[in-house]
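Here is how the chains run, residue by residue.
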Amino acid sequence: MQTWRLDDGRQTLVLAARTARLPEVVYWGPALPKEDDLESLARATRIDVTGGMLDENPDLSICPEAVRTFPGQPGLICRDSDGTPLLPKFCFASDKRDGSRLELTFVDDANGLTLTACFETDAHTGLITCQTTLSATRPIHLHWLAAPVVPAPQSADEMIDFTGRWCGEFQTAITPWTPGMRYRENRTGRTGHEHFPGLIIPGRGATNANGEAWGFHYGWSGGHKMIAEELPDGRRQVQFGHAARMETEAATEFKTAKLFLTYSDQGLNGCAVSFQRHVRDRVVQFPNAARARPVHYNCWEAVYFDHKLPVLKDIADRAADLGAERFVLDDGWFGERDDDTTSLSDWEVDPRKYPDGLTPLIEHVHSLGMTFGIWFEPEMINPNSNIHRKYPHWALGSEDQTLGRQQKAMNMALAEVRDFIYDRMSAILAAHDIDYIKWDHNRVLPMPDAAQTRGSYALLDRLRDAFPNVEIESCASGGGRIDFGILERTHRVWLSDSNDALERLRIQHNAALFLPSVVTGSHVGPRHCHTSGRVLDISFRAWVAAQRHMGFEMDPRELDDREEAVLREVTSWYKHNRHWMAKADILRLDSHDPSVIAEIQVASGGDQFAAFIGKADTSAQIAPRPQRLTGLDPAARYRVNLANKIAAPALSRGDPLLKHEDLEVSGQWLMTQGVTVPWSFPNHMWVLEGTRI
Ligand code: DGJ
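Everything numeric in this text was worked out from a predicted model, so none of it was measured. (Residues numbered from 1 in each chain as written. Predicted model: local features only at pLDDT ≥ 70, side-chain atom pairs only at ≥ 80, totals over all residues. Heavy atoms only, no water.)

1. Some remarks on the side chain of Ser343
Part 1 of the argument: For Ser343, the location among the structural elements is in the loop between strand E21 (326-329) and helix H5 (359-367).
Part 2 of the argument: Reaching out from Ser343, the side chain makes a polar contact with the backbone nitrogen of Glu336 at a distance of 2.8 Å. (Helix = DSSP H or I, 4+ residues; strand = E, 2+ residues; numbered from the N terminus. Polar contact = N/O pair within 3.5 Å; in protein donor to acceptor, adjacent residues only side chain to side chain.)

Dropping the structure here:
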C-alpha cells in the first residue's frame, strides 16, 4: 500500500492506494499526530463487505473510475478522437514532494492517458489547493474531468451551497444528504448570480461559531459542475469541475481549475476565515498592497447614461467633499451609448458628451484629490454598434440567438478579437491617468465554452501586464462573476447591483463565508432604493457600506444636511478603521434573534474588533436579546464602546450601560453572556468597537 499525508498544522489529509491504483482520501479532518500509522489507518477506514455487495468495494478514489465498477459518478468521462468512449484505468507512475506541494502521476498505457493530481497546503491560510491534469498521446474529447475527488463527512446531515439572482446574490440552499446526488451544473458560461461555486458541509449541530465544517470552492469563471453524491453503501463523494462538455475541441491536455478545500473545527467561521485569508493574502494581487482601500464614488445610479460634464463635475465636487477618494465613471461615456441598446465594443469617447475628451473631467476629479476609474464591458458587443456592423463574425453564437440586454458576447477565443479589445482599452488607459477599471459582463453566454473563459483571462492578464497599477473590479450585473479564478486577476468584486442596505446586509453576510472585506465593494445607495423601492435611513445605508470596501452611489445632490452629516461621520469612521479592517477576519455571529444579522471583524493579532449588529426586521420579543461575540481571547479584557450611541431612538427609554459609557469586561463574558444593545427600530445597525486592554 502507498500512503501520503498533507498537514498544515490545523488539518491533515491522508491519501492511500491499495496496490498501484489511484489513491483514496482516507482521512480529512483535524490534524493527526505524526505517529499515526497511515497504512493501518487506511485499512481500518475500509468498509466491510456483506450481502448484495461486490466481493471488494470499489475505490472512492481521487478520480473514481467507471471501469472498476464504481457505483457512482466517475471522475473522468472522455472519448477518443474518433468518438469511441474511453474507459480509463490508471496505475501509479510517480510522486513528487516539494515542500508543501505533492504531485501524484498515474498512467493508463492502454488508452495513452496520464492523470496528474496536485495538492498544496498553506499553513497561513489553512486552505488546501488541488488540481487535476489529464494528458493524452493524441487529441481526445473531454466530457467531464473532476478536480481531485474527496469523500464527504459521514457526520453531516446536510450541505449548504449557493444560489441567487440579480440583486439577490449569495442565497444559501440547504439540502439533506440522502442516497443519490445533488448535482449543480452551471451552463451559463459565467460564474453567475445563481451558481456561486462553493459548498460547505457542516457537521451535525455546527453553527457559525461552533462545530465542524468542510468547505469547498472551485476557482473558475466559466460555469462549474458539482456532484455531492451518497453511494448505496453510504459513502459520500464530492466532485467539482468545469461544467460538462465545455471543451469543444479535441486536445492533448486538459486541466481543471483549482479546487480549494478547508476543514474547520470552529464552525462555518473556520472555513470562512481560511477562504477570506487566502483570497486576501494569496489570490488577489494588489498593485500596492499597502494602499488603503479608497472610498469610491460611482455615478451609475446618479446619472445612468445621461452624462453632462457640468453635472458630473458638480457631483464629483460633492462626492469629494463627503470623503470620496476615487471617482468611477460608469457606463455611457463611449460610442453613442444613450441607453443599453447600442455601442458596446465602440470603445471611443463619445464626442457629443465629451467634446474635449475625458481629460477635462479627469483633471477636475484629480484636482479634488480623487483618482479616476472607468467602466468597460470588454467581452460584449451590441448588434447596433460600428464594430458589429464591420465584423459580425466576432460575436459568439448564432445569428438568431436570443440577445441579453440587447447584446451578444464577443468570441474571446479569437486572438483578433482579444487584440482589438486590448487595443481599444489600452488606448484609453494610455492616454489618461486612470487607476481603476470596473469590468462588467452583463449577459450569459449562448453556450458554455471553456475557450471563452480562457480568452477573457488572457485579455485580463495582458492588460494587467501592460498597466500594472490599474486595479480592476469584477462586475457582472452585480455579483455574476465572483470566484477565485477571476480574483486572481482583479481586485474587487461588485457584490450586487442591490444598493438596498437591508438586502446588502444579508448578501454581505453570506458572501463573507468566502470573501474578505477588502475585496467586497459596498456602496451607500439612494434614499429611495432604485432596485427595491425601499426607503432606508442614511445611517443604516452608510454603516452597511462601511462593513466592506466603502463607496457612494447615490446622487449627492439629493442629500439633506442631516444625511450629509451622518455620511461624513460614518465615512470618517471607515477611514479611521480601514487599515486594520483590511486585514481583519470576518466572523459571522450566531444570533438568538432571527431578525438580527450580525458579525464581528477581529483585527489580525486580536487587539481590536468591530461588531456590526444589524437589525433586519422587527423582533418577536420586545427587547433585544444579548448578542454573543466570538473569536476573542476568553482570558483577555476588552474595552467595548457603542460607536453610534446617539442613534438610539426616543422609544429607547431605558438605561443599558452601553448607551452612556464604555464597558470593560472579559472576552469570556462577551462570548458567553454577550452584549445587550439598546432597543431600535428595524433597519438599524449597532456598531460596537472593542480594544484589548
Ligand atoms: C451593470 C452593473 O452591475 C451596474 O453597476 C452598472 O455598471 C451597469 N451594468 C451599467 O450598464
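Once you've had a look at it, read on.
2. Looking at the pattern of salt bridges
Between side chains of opposite charge, a pair can form when the charged atoms approach closely.
Part 1 of the argument: Summed over the entire model, instances satisfying the criterion amount to 56 salt bridges.
Part 2 of the argument: For Arg101, the salt bridge is made with Glu103, and the minimal N-O distance between the two is 3.3 Å.
Part 3 of the argument: Overall, Arg101 belongs to the partly exposed group, its relative accessible area being 28%.
Part 4 of the argument: Judged by its relative accessible area of 18%, Glu103 falls in the buried class.
Part 5 of the argument: Arg489 serves as the salt-bridge partner of Asp461, at 3.0 Å between the closest nitrogen and oxygen. Note that Asp461 is positioned in helix H8 (residues 450-466) and Arg489 in the loop between helix H9 (484-487) and strand E27 (492-494), a separation of 28 residues in sequence.
Part 6 of the argument: Members of the salt-bridge network, linked through shared partners, are Lys258, Asp461, Arg464, Glu488 and Arg489. (Salt bridge = Lys/Arg side-chain N within 4 Å of Asp/Glu carboxyl O. Buried < 20%, exposed > 50% of the residue type's maximum accessible area, 1.4 Å probe, protein only.)

3. Describing the packing of helix H10 (residues 501-511) against helix H11 (residues 538-546)
Part 1 of the argument: The interhelical angle for the contact between H10 and H11, taken along N-to-C directions, is 25 degrees, at an axis separation of 9 Å. As far as their axial angle goes, H11 and H10 are roughly parallel. Handedness of the H10/H11 crossing: left-handed. Mapping the contact onto sequence places Ala501, Leu502, Arg504, Leu505 and Gln508 in H10 and Phe540, Arg541 and Val544 in H11.
Part 2 of the argument: Taken together, the residues that form the contact of H10 with H11 break down as five nonpolar, one polar and two charged. (Axes fitted to C-alpha atoms, helices over the stretch in contact; angles between N-to-C directions. Parallel < 35°, antiparallel > 145°, perpendicular 65-115°, else oblique. Left-handed = near helix turned anticlockwise from the far one by under 90°. Contact = heavy atoms within 4.5 Å. Nonpolar A, V, L, I, M, F, W, Y, C, P; charged D, E, K, R; others polar.)

4. A short note on the nonpolar core
Part 1 of the argument: If you look at the biggest cluster of nonpolar residues, it comprises 167 residues, and the most contacted ones within it are Phe327 and Trp333.
Part 2 of the argument: Filtering out sequence-adjacent residues up to four positions away, Trp333 remains in contact with His307, Trp347, Glu348, Val349, Asp350, Tyr354, Leu358, Ile374, Trp375, Phe376 and Ile428.
Part 3 of the argument: Val602, Ala611, Tyr638 and Val665 belong to the second largest nonpolar core, which has 25 residues in total. (Core = buried A, V, L, I, M, F, W, Y, C linked by side-chain atoms within 4.5 Å.)

5. Section: the packing of aromatic side chains
Part 1 of the argument: Taken as a whole, this structure holds 32 aromatic pairs when the rule is applied.
Part 2 of the argument: A ring pair is formed by Phe162 and Phe196, whose centres lie 5.9 Å apart and whose planes are at 85 degrees; its orientation type is edge-to-face. In this pair, Phe162 is assigned in strand E11 (residues 158-165) and Phe196 in the loop between strand E13 (180-185) and strand E14 (198-202), connecting sequence segments 34 residues apart. For the residue pair Phe162 and Phe196, the accessibility class agrees, reading buried in each case.
Part 3 of the argument: Judged by centre distance (5.4 Å) and plane angle (85 degrees), the rings of Trp333 and Phe376 are edge-to-face. One end of the pair, Trp333, is in the loop between E21 and H5; the other, Phe376, is in strand E22 (residues 371-376), and 43 residues separate them in sequence. Each member of the pair Trp333 and Phe376 is classed as buried.
Part 4 of the argument: Taken together, Phe162, Phe170, Phe196, Phe260, Phe275, Phe484 and Phe514 form an aromatic cluster joined through their ring pairs.
Part 5 of the argument: Above the face of the Trp144 ring, Lys225 is positioned so that its terminal group lies 4.1 Å from the ring centre. (Phe/Tyr/Trp six-rings, centres within 6.5 Å; stacked < 30°, edge-to-face > 60°. Lys NZ or Arg CZ within 6 Å of the ring centre and 35° of its normal.)

6. Here's the deal with the packing of H11 against helix H12 (residues 561-581)
Part 1 of the argument: Look at H11 against H12: their axes get within 9 Å of each other, and the N-to-C directions meet at 15 degrees. Classified by the angle their axes make, H11 and H12 are roughly parallel. Crossing of H11 against H12: the hand is right-handed. For the pair H11 and H12, the contacting residues are Ile538, Ser539, Arg541, Ala542, Trp543 and Ala546 in the first and Arg562, Glu563, Val566, Leu567, Val570, Trp573, Tyr574 and Met581 in the second.

Nothing here speaks to function; it is all geometry.
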